[in-house]
Amino acid sequence: MLKANIELEHKVADKYDQSAIQSTESDVKELFKKLSAHEHYHAEIFKDLLE
C-alpha cells in the first residue's frame, strides 16, 4: 500500500508542478510549488516507513 501511495504522491506533485508552470499569477504559482513540495515530503516519509 505504501508503494502505491508513493507513486500517487509523485503523480499529484507532477500535477501541481504543471499547474505552477501554467499559472500567470505569482502567488498562485508559489502555492502550487509549496503543495508540490509537500507531496514530495509525504513520499519521502512513506519511503522511510518501507525501510
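As shown above, the structure is provided for reference.
What you see is a predicted model; the values in this text were computed from it and never measured.

Cut-off values and rules
Residues numbered from 1 in each chain as written. Predicted model: local features only at pLDDT ≥ 70, side-chain atom pairs only at ≥ 80, totals over all residues. Heavy atoms only, no water. Salt bridge = Lys/Arg side-chain N within 4 Å of Asp/Glu carboxyl O. Helix = DSSP H or I, 4+ residues; strand = E, 2+ residues; numbered from the N terminus. Buried < 20%, exposed > 50% of the residue type's maximum accessible area, 1.4 Å probe, protein only. Lys, Arg positive; Asp, Glu negative; His and termini not counted. Contact = heavy atoms within 4.5 Å.

A. Structural context of the pattern of salt bridges. Tallied over the full model, the rule gives 3 salt bridges. Where E44 meets K47, a salt bridge forms, and the shortest distance between an N and an O atom there is 3.4 Å. One end of the pair, E44, and the other, K47, are both in helix 2 (residues 26-50), 3 residues apart, so they sit about a helical turn from each other. Overall, E44 belongs to the partly exposed group, its relative accessible area being 41%. By relative accessible area, which is 33% here, K47 ends up partly exposed.

B. Representation of the side chain of E9. Mapping E9 onto the fold places it in helix 1 (residues 2-22). For the buried residue E9, which engages in no salt bridge, the nearest side chain bearing the opposite charge is K47, 11 Å off. Beyond its immediate chain neighbours, meaning those up to four positions away, E9 contacts E39, H42, A43 and F46.

These figures come from the coordinates and say nothing about function on their own.
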